[in-house]
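# Summary of the model geometry
This is what each chain is made of:
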Amino acid sequence: MEEKTIQLAGSITVDELSKALGLSVTELIGTLFKNGIVATINQRLDFETASIIIDELGLKNVKLERKNTATKTTEGFRHELSDKAISRPPVVAVMGHVDHGKTTLLDTLLHKKTVEGEAGGITQHISAYQLEHNDRMITFLDTPGHEAFAAIRQHGAMLTDIVVIVVAADDGVKPQTVEAIKFAQSANAKIIVAINKIDREGADIPRTMADLAQHGLQPEEWGGDIVMVPISAKRGDNLEKLLDMILLTADIEELKADIDIPAEGLVIESHMEVGKGSVVNLLVTGGELKTGDFIVAGSSFGKIRTMLDFRGKPKGKATPSTPVTVTGFKELPNFGDRFVEVKDEKTARKMALLNAQNQANELASANVTSNDLLRMMNTVDNTKMFNVIIKGDVLGSVTSVVDSLKMIDTKGEVTLNIVATGVGDVTENDVYMAVGENTVIYGFNVTVPTNISKMAARDGVSIRTYKVIYELLDDAKHSMEDLLDAEVVEEDMGEMKIMGVFRTEKSSIIAGGEVLKGKVEAKMLGRVVRDKQYIGEVEVESVQKEKIDVKELVEGEIGGLALKTTKKITMEIGDRIKFFVRELKKKTL
């Protein structure tokens, strides 16, 4: 039979796959159902899932091939530049381990204390700044540094041209440093390393460079292509050189953008403020954004009422690579949404509605991945459910809390069910949703009004608020562990060879022998074995040595045992007892 090749670009609907395979939709849906997926005709399947299903159907003559497609999430911004494209400032993300000083570096560069007031001294939100160096502008994105912000930090890398990875010279490469390297590489961003804290005792620049080299970053000094600048963010050592290297890298990259096109860019933060409504931070990637422009971001739209620079000063227009804070959106757009300028409100409303419909359709026919399929195939009925409602001060916080919760590995024993999410303080509606469903409400950087606290206490709803995200994640992890059933754990303790059996009754035995290994003491359990055949289980009531009660017998000693049994066991000389302890142990994730 002739082999059939099907090319998949990302995913394929059930309908499309049935036609490509020459099968009826009913037959394909039936196969999916047998494998735990209740699918619709418009359900999308990824490459691996389609492969599994084709194997299940036994179609040996069908071959799947991946169709090469652009994978960058910001591909929509990579327009073919016109001849009129102008140079633009580099967008630089500063990343690194939580305590390695990246926020101190930005503080020093910008003469602006951003760490004060941040819970736990850790940057909680993505923020954008600009500074001038040698009459040129540089845009910095300060991305959260804790591992819990992996998702938000990945967005940050996707927005950037250059990633400055901050590594402490007295601490070296840490897991979050490795994450930052991977994100920068996946975003095809140029990497510059700032080796910080060179003023600290224990600072070892060569060792830090060697650490980085082991993770694929070869210093220029060693024949590689990675610029590494030793700095002290606290004292300001070599910061001018670091900025010089950023601009030199930008020159080599020839960063340009068109400004005679409708403005476009990305939403990098959004929240509600009393008296202002929706307050949205944008990064312009093309065109010129001006006060009064109509813009659409996802299913939200609006007319720019006010526009401020990162210092809070009014700004009439924003050119490519410029971060601005705007008001005027009818509803909060989502973090990471692409925004575009349109000609009027009618067009904006129509486009936002179309985007909302597309999002609804995607949700209705959500992609089924191979992980989903394998999880469904292996799901057991006793899986526990952990229900949560997430409330955060801004959308970026909610996004990172949700994504970070999903990253907790529950080994398939607990299912995380996010009942609802929202921006703002905990409300009556949140409590209503939580009642009766054993649902925990997590608040991140939000408050709980007194009347809501009383209502929750009355209805038995748990509201837990946090200002530091990894404390919230620890709580969630412990809560999920509490749902796990304890497991029976056995530990081998010793072994005895029986040399004499002195008395055998219905529920007890008196015997003696030599301890071959380990030890034996009262309360231990034992399995009686004869020539590899299991005879029965006993419990040690007491231990004697030379007819005197002792605490234990150890390897090489000879003594007697009083054993308790649940049913009559006939023990013989030459039998062996393998001793162990058995306990219920709480499972952990």
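Anyway, here's the lowdown on the structure attached to this text. Just so we're clear, the structure is a prediction, and the values are computed from it rather than from any experiment.

Bringing the pairing of strand S20 (residues 338-342) into the picture now. With three bridges joining them, strand S13 (residues 264-273) and S20 adopt antiparallel strand pairing. Residue pairing in the sheet places Leu-266 in a bridge with Arg-338 of S20. One ladder, built from four bridges, connects strand S16 (residues 294-297) with S20; its direction is antiparallel. Following the sheet pairing, Ile-295 is matched in S20 by Glu-341.

A sheet is described by the order of its strands in space; here four strands give the open sequence S22-S21-S23-S24, paired in parallel fashion. For this open sheet the edge positions go to strand S22 (414-423) and strand S24 (462-466), each flanked by a neighbour on one side alone. Put simply, the sheet's adjacent strands are angled 25 degrees from each other on average, direction ignored. When strand S21 (residues 384-392) meets strand S23 (residues 439-444), the two strands line up parallel, connected through six bridges. Across the sheet, Asn-387 pairs through a bridge with Thr-439, a residue of S23. Seen against the sheet, helix H11 (residues 395-406) touches S21, S22 and S23 and runs at an angle of roughly 180 degrees to S22.

Looking at chain direction, strand S27 (residues 525-530) and strand S28 (residues 533-545) are connected through six bridges and run antiparallel. Its bridge partner lying in S28, Val-529 is registered against Tyr-534. The turn joining S27 and S28, which pair antiparallel and follow one another in sequence, is formed by two residues; a positive phi near 50 degrees is taken by Asp-531. The pairing of S28 with strand S31 (residues 558-565) spans six bridges and is classified as antiparallel. When the bridges of S31 are listed, Gln-544 appears paired with Gly-560. Judged from the two bridges that link them, S28 and strand S29 (residues 548-549) form a sheet pairing that is antiparallel. Across the sheet, Gln-544 pairs through a bridge with Asp-549, a residue of S29. What sits between the antiparallel neighbours S28 and S29 is a turn of two residues, in which Glu-546 has the positive phi angle 55 degrees.

Moving on, we come to the side chain of Thr-322. Take Thr-322: it is sitting in the loop between strand S18 (317-318) and strand S19 (323-329). By relative accessible area, which is 5% here, Thr-322 ends up buried. Of note is the side chain of Thr-322, whose polar atom sits 2.8 Å from the backbone oxygen of Thr-319. Aside from chain neighbours lying at most four places away, what touches Thr-322 is Gln-130, Leu-282, Leu-283, Val-284 and Lys-315.

With that out of the way, let us pick up the packing of aromatic side chains. This structure, assessed with the given rule, holds two aromatic pairs. Centroid distance Tyr-129 to Phe-310: 5.9 Å. Interplanar angle 90 degrees. Geometry classified as edge-to-face. Here Tyr-129, found in strand S7 (residues 127-133), pairs with Phe-310, found in the loop between strand S17 (300-308) and S18; they are 181 residues apart in sequence, far enough to count as distant. Considered together, Tyr-129 and Phe-310 belong to a single accessibility category, that of buried residues. Between Tyr-442 and Tyr-466 the ring centres are 6.5 Å apart and the planes differ by 45 degrees, which places this aromatic pair in the tilted class. In this pair, Tyr-442 sits in strand S23 while Tyr-466 sits in strand S24, placing the two residues 24 residues apart along the sequence. The exposure class assigned to Tyr-442 is buried, which follows from its relative accessible area of 0%. Over the face of the ring belonging to Phe-580 we find Arg-527, whose NZ or CZ atom lies 4.1 Å from the ring centre.

Scoring rules and cut-offs
- Residues numbered from 1 in each chain as written.
- Predicted model: local features only at pLDDT ≥ 70, side-chain atom pairs only at ≥ 80, totals over all residues.
- Heavy atoms only, no water.
- Pairing = 2+ DSSP bridges.
- Helix = DSSP H or I, 4+ residues; strand = E, 2+ residues; numbered from the N terminus.
- Axes fitted to C-alpha atoms, helices over the stretch in contact; angles between N-to-C directions.
- Contact = heavy atoms within 4.5 Å.
- Buried < 20%, exposed > 50% of the residue type's maximum accessible area, 1.4 Å probe, protein only.
- Polar contact = N/O pair within 3.5 Å; in protein donor to acceptor, adjacent residues only side chain to side chain.
- Phe/Tyr/Trp six-rings, centres within 6.5 Å; stacked < 30°, edge-to-face > 60°.
- Lys NZ or Arg CZ within 6 Å of the ring centre and 35° of its normal.

These figures come from the coordinates and say nothing about function on their own.
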